Amino acid sequence: MGEVRTVECSSTGGAALELLVHGVGGATPEKMLNDPRTVRITGDETAAVYRRAGDADADAPAADANAPSGDHHGRPVPEAYVWSNLTSGNGTRALWLLLLPFMVVNLAHWMRPAAREGTRAVRLYGLLVRLAGLSLTVLLVAAACEVALDLTAWQCAGTRACAARHSWLGFLSPSGSHGGWWSPPGRRLALAALVPTALTGLLWYLSHRTWRAYESQEPLDRGPEPEHGPAHTALSRPGFWYGRRLVARLRAAHTAAGLFTVAAAVGTAAAREDHRPGGPAVLDALGRLLEVSLAAGALAVVWVVCRRGRSENRLDRTLDAHLVHRLPLTALALLALTLVYAAWSRPHWHSSGRLAGDTAFGALALAQGALVLGLATVARSLHRSPKDGTGRGRSTVPAVPPQGGAADSSVPPAARPAPAVPCADGTDAPDGLAGAVPGPARPSAGRSAEAASADGERSALRGLGGPAVVMLACALGGVMSGGVAQRVSDWLDGTGTSLDGPPVLLTWQASMIPVLLVVLAVLCALLGRRTWLLTRAERAAVVREYRADPGDPARTGRIARTRSMATLTDRAPLLVAVTATSTLLLGAGALVGAFASGRTPVRATAAAGPFVQGAAQAAQALGSWLIGLGFILFVTWGRRAYKDASARRTIGILWDVGTFWPRAAHPFAPPCYAERAVPDLTWRMTGWTRATGGRLVISGHSQGSVLAAAAAWQLKPSDRKRVALLTYGSPIERLYGRWFPAHFGPAALAALHRDIDCWRNLYRLTDPIGGPVRLTGDDCGPEVDRAPLADPLAYGRTAEHPLPAPVLGHSDYQADPAFAEERARLLARLSPELPGQRGQRG
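For every chain, the first residue of its written sequence is number 1, and the numbers climb from 1 along that sequence. Reporting of local features is limited, given that this is a predicted model, to residues whose pLDDT is at least 70; pairs of side-chain atoms are given and counted only at 80 or more, and all residues count toward the totals for whole chains, interfaces and linings. Where side-chain values are given, they derive from all heavy atoms of the structure, hydrogens and water being excluded.

J.: Looking at this model, I keep getting lost on the overall build of the protein. Mind explaining?
T.: Tallying secondary structure elements over the protein gives 26 helices and 8 strands in all. Categorising residues by exposure relies on relative accessible area from a 1.4 Å probe, with only protein chains included: less than 20% of the type maximum marks a residue as buried, more than 50% marks it as exposed, and the intermediate range marks it as partly exposed. The buried share of the protein, taken over its 842 residues, is 55%. Nonlocal contacts in the protein, meaning residues at least 24 apart in sequence, comprise 80% of its contacts between residues at least 6 apart. Only the protein chains shown count as cover for residues, and the accessible areas themselves come from Shrake-Rupley with a 1.4 Å probe. Accessible area of the protein: about 34300 Å², with a carbon and sulfur share of 61%. Only DSSP runs of H or I reaching four residues or more are called helices, and only runs of E reaching two or more are called strands; each is numbered from the N terminus. Contact between two residues is taken to exist if any of their heavy atoms lie within 4.5 Å; hydrogens are not considered.

J.: Just to check I follow, could you spell out the environment of threonine 776 for this structure?
T.: Topologically, threonine 776 is positioned in the loop between strand 8 (758-762) and helix 26 (817-829). Taking the C-alpha atoms as reference, threonine 776 lies 9.3 Å from alanine 750; in sequence the two are 26 residues apart.

J.: Explain unusual backbone geometry to me, please; I cannot follow it from the model alone.
T.: With the exception of glycine, the majority of residues adopt a negative phi angle, and the majority of peptide bonds are in the trans configuration. Aspartate 791 connects to proline 792 through a cis peptide bond whose omega is 5°. Residue leucine 461 is not a glycine yet carries a positive backbone phi of 60°. Within the fold, leucine 461 resides in the loop between helix 11 (449-453) and helix 12 (465-492). One non-glycine residue, aspartate 812, lies in the positive phi region at around 55°.

J.: So what exactly am I meant to see when it comes to the confidence of the model for the protein here?
T.: As a general rule, the predicted coordinates of low-pLDDT regions are not to be interpreted in detail. The score called pLDDT rates the predictor's confidence residue by residue, from a low of 0 to a high of 100. Of the residues in the protein, 80% reach a pLDDT of 70 or more, and the chain-wide mean stands at 80. Predicted confidence in the protein is weakest over helix 11, with a mean pLDDT of 36, and strongest over helix 3 (residues 120-156), with 94. For residues 424-456, every residue scores under 50 in pLDDT, and the model assigns this stretch 92 contacts once sequence neighbours within four places are set aside. Below a pLDDT of 50 lies the segment residues 833-842, which in the model reaches 15 contacts outside its immediate sequence neighbourhood of four places, other chains included.

J.: Before we go on, may I ask you to explain the pairing of strand 5 (residues 77-82) in this structure?
T.: Remember that side chains alternate between the two faces of the sheet whenever the strand is regular. Counting buried positions over the 6 residues of strand 5 gives 6, a clear majority of the element. Burial along strand 5 is two-sided: Val77, Glu79 and Tyr81 facing one way and Pro78, Ala80 and Val82 facing the other are all buried. Pairing of strand 2 (residues 17-22) with strand 5 involves 5 bridges; the strand directions are parallel. In the strand pairing of strand 5, glutamate 18 is matched with proline 78. Sheet analysis places strand 4 (residues 48-52) next to strand 5, joined by 4 bridges and oriented antiparallel. Note: two strands are recorded as paired if DSSP finds a minimum of 2 bridges between them.

J.: Whenever I open this one, the nonpolar core confuses me. Can you help?
T.: Soluble globular proteins tend to pack their nonpolar side chains together in the buried interior. Joining through side-chain atoms within 4.5 Å is the link that ties buried Ala, Val, Leu, Ile, Met, Phe, Trp, Tyr and Cys residues into a set, and such a set is a nonpolar core. If you look at the biggest cluster of nonpolar residues, it comprises 154 residues, and the most contacted ones within it are Tyr81, Leu189, Trp241, Phe660, Trp661, Phe744 and Trp759. Take this core: its biggest share by element is 22 residues, from helix 3. Leaving out residues up to four positions away in the same chain, leucine 189 has contacts with Leu149, Ala153, Trp154, Val266, Ala269, Trp349 and Leu355. With 13 residues, the next largest nonpolar core counts Leu726, Cys758, Leu789 and Tyr813 among its residues.

J.: Is there a simple way to think about the state of the cysteines in this case?
T.: When the sulfur atoms of two cysteines share a covalent bond, that bond is a disulfide. Sulfur atoms of two cysteines make up a disulfide when they are within 2.5 Å. Inspection of the entire model under this criterion finds 1 disulfide. Here cysteine 156 pairs with cysteine 162 through a disulfide, and the sulfurs are 1.8 Å apart. Handedness here is read from the sign of the S-S torsion; for cysteine 156 and cysteine 162, about -90°, the answer is left-handed.

J.: Any chance you could explain helix 15 (residues 553-566) here in plain terms?
T.: Along an α-helix, residues three or four apart share an orientation, since each turn contains 3.6 residues. The terminal C-alpha atoms of helix 15 lie 20 Å apart, and with 14 residues this matches the ideal 20 Å at 1.5 Å per residue to within 8%. Regarding helix 15, the residues found buried are Arg555, Thr556, Gly557, Ile559, Ala560, Arg563, Ser564 and Ala566. Check the buried side of helix 15 and you find it contacts helix 14 (513-546). Helix span, expected: 1.5 Å multiplied by one less than the number of residues in the helix.

J.: Help me understand the packing of aromatic side chains in this model?
T.: Aromatic ring pairs are defined here through the distance separating the ring centres and the angle between the ring planes. For Phe, Tyr and Trp, where Trp contributes only its six-membered ring, two rings pair if their centres lie within 6.5 Å, and the inter-plane angle classes them as stacked under 30 degrees, edge-to-face over 60, or tilted in between. Per the counting criterion, the structure on display carries 21 aromatic pairs. With 4.8 Å between their ring centres and 80° between their planes, phenylalanine 240 and tryptophan 241 make a pair best called edge-to-face. Each of the two residues, phenylalanine 240 as well as tryptophan 241, counts as buried. Grouped by ring-pair contacts, the aromatic residues Trp110, Phe240, Trp241, Phe660, Trp661, Tyr673, Trp713, Tyr736, Phe740 and Phe744 constitute a single cluster. Across the ring face of tryptophan 211, the terminal group of arginine 251 is positioned such that the distance to the ring centre comes to 4.7 Å. Whether a charge sits over a ring comes down to the Lys NZ or Arg CZ being within 6 Å of the ring centre and within 35 degrees of the ring normal. The residue whose ring lies beneath arginine 764 is tyrosine 813, and the NZ or CZ to ring-centre distance is 4.0 Å.

J.: Just to check I follow, could you spell out the pattern of salt bridges for this structure?
T.: Where charged atoms from two side chains of opposite charge approach closely, those side chains can pair. Each salt bridge in this description consists of a side-chain nitrogen of Lys or Arg and a carboxyl oxygen of Asp or Glu lying within 4 Å of one another. As enumerated under the stated definition, the model contains 20 salt bridges in all. In this structure, arginine 245 and aspartate 320 form a salt bridge, with 3.0 Å as the shortest nitrogen-oxygen distance. With arginine 245 in helix 7 (residues 244-274) and aspartate 320 in the loop between helix 8 (281-307) and helix 9 (321-343), this residue pair connects regions lying 75 residues apart in the sequence. Overall, aspartate 320 belongs to the buried group, its relative accessible area being 15%. Put simply, aspartate 680 and arginine 676 hold a salt bridge, and the shortest N to O gap is 2.8 Å. One end of the pair, aspartate 680, and the other, arginine 676, are both in helix 20 (residues 674-692), 4 residues apart, so they sit about a helical turn from each other. Overall, the relative accessible area of 7% leaves arginine 676 in the buried class. Each of Arg760, Arg786, Glu821, Glu822 and Arg825 takes part in one network of salt bridges that share partners.

Listed below in structure tokens is the structure:
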């Protein structure tokens, strides 16, 4: 989808270089370069730079000493940076579906409200998110323990009818094996513990493998910039894209937490048996020693998670080798001793009922709820806190109408003047390059920051986006855990009468899913009505803008509907807020109902009226069916992605959007591709600039514009001033600015605008992803946004468009004449003669 083009021109008359970097979805070098013959210039199978075969020697010295090297008659030499394998490579990428809750909670770390750096509240925010991530690891391993230990080894293998239906459990069944060696409960649990242990090992392996491929890629080593200077932003710190040390520490802590969870599930069951009156004194003492050891291990894990956050001001090459190796090995040794302890002979021990799953899952749900509420308190405090001298976090949003909203179209498109737009040197665009294309009227701009701030805060949910996303991550983890447990329970107990089933809390949580779906259905209906009303208003705007009275009602409706549908992106905060709030309240209700009654919703309402009992039966049955269906779809999608490259690429698109940020809260999250892509781009641009003394134009579409901005921030301040930026279909403010205000908020974008030579942005009202950057230029240079581009380019058939022009939305910005105009303007600024004319009008 997105594409980045970096055009570099030597100010001494050397050859230009056009570096193309694809966005989400990936692309082949042959397609990007429009040539079937390509050669790899630098890089590896994961990410590399390609050129056309005919341009491979473009940088070689020219035969004529007076001619510049690599001169292609003024044409830039195209290169393609291909990084699609960073997110959609071999079949193991399908396993990343398992990591979805971890990815979501990791996003919450970067959603912190803009505030002064280094304060206690900022550090507390990061700490609470890391603890929430740790709770998700424990939840996932606990779900695996519930399936393997409780449902399979404890309940099914210990029940004659269930073991008879599953012959592969015969050697674990006391009746089926006639008291065989593996039939005692402790030995069954010890053997079943290999399943969650293997899962923990798999997570460690995936994290370690990707850590070596992504976090270990060093960016440029340069000195830090002033922390509170006008250009300060975390994205410009030297170590921002180098999280090697933190991820290694978190990986050790989360691996140990998973192993301790398995040890607790096995050891507490055996210790509970030994603590009964008349039990063996030695085993009773060993059980208490085990419980103390597990508590000490848990405290050590929490201390490691809380002790250190990210170090971004420098390249932190330190690796806590002793901690990284010894903590997981200690946990593994304790688990091995626990399995030996549980497997010890206890002739009078028999399995019945459930293991202590209700207590464990209830404690996890309560802890996660407390973390979400605490995080919301901290986030709200940060949002309201005084900002630093740069105004970080203050809204500097100009008066740009809502995306897709009706603009003032009283002036016909063809009659609208195209104002010359100056850049950093104060020069206006040449007359031949400043012409506007037919389309919506230009939004008013140039208002002061004070007036702009009155238009409302742009931060999503007024700073509560992070806590809301943490709540969704916990809910997603709970649904996945409950879905696996419920599905396996239904499979083991075909009749539904021989087993007690999963913990009561998981059944209550599943019963809340239909209620949540009803709430979301009502919200979607309200949003649908609003979209319908906006479509009616847009019809009149389309007729005015294209002077299409009476026009084609079907085409007018299609354009108006596309514009109104594009505004749904701006309603995402409302959807997240309603979902998160409903999930928190329903989760609290499920927790209270499970612990107050100790029974499933159907049994708890047995004495209630017919209506209440019927509602409970419907919710429990429908919730169990929905959660089982979700589990089946999840497994089916993962299996298809493992075998089908196209499906795997679809998953890769999801990760392209969700894994832009480094792993700061969860080491088992999918890896951050930008920790490889941004240093690659920065090294390439810096190397070319130092070799040629040239200046750059970075052009990015969609997610590519975010990568372009991140790479520009990583350049030295002196190099940034030689960079011009062209973005189109960019989510840099509409999505990233609202959801990640501390990093892409108004102050950060204004700082980037001040640092670089010039910045122009193109967007359409029909684009559901891209939007205006909303920098007026009052305090940081000229305005960035061009007037919204016309989409479609023509309403009906014209001499220039003999066939109906399509509604492009987010795609094909290069097809608009405005793209060529803006690109030509920026390239003209980089001509060898232009630097000597700064300050003059073109």
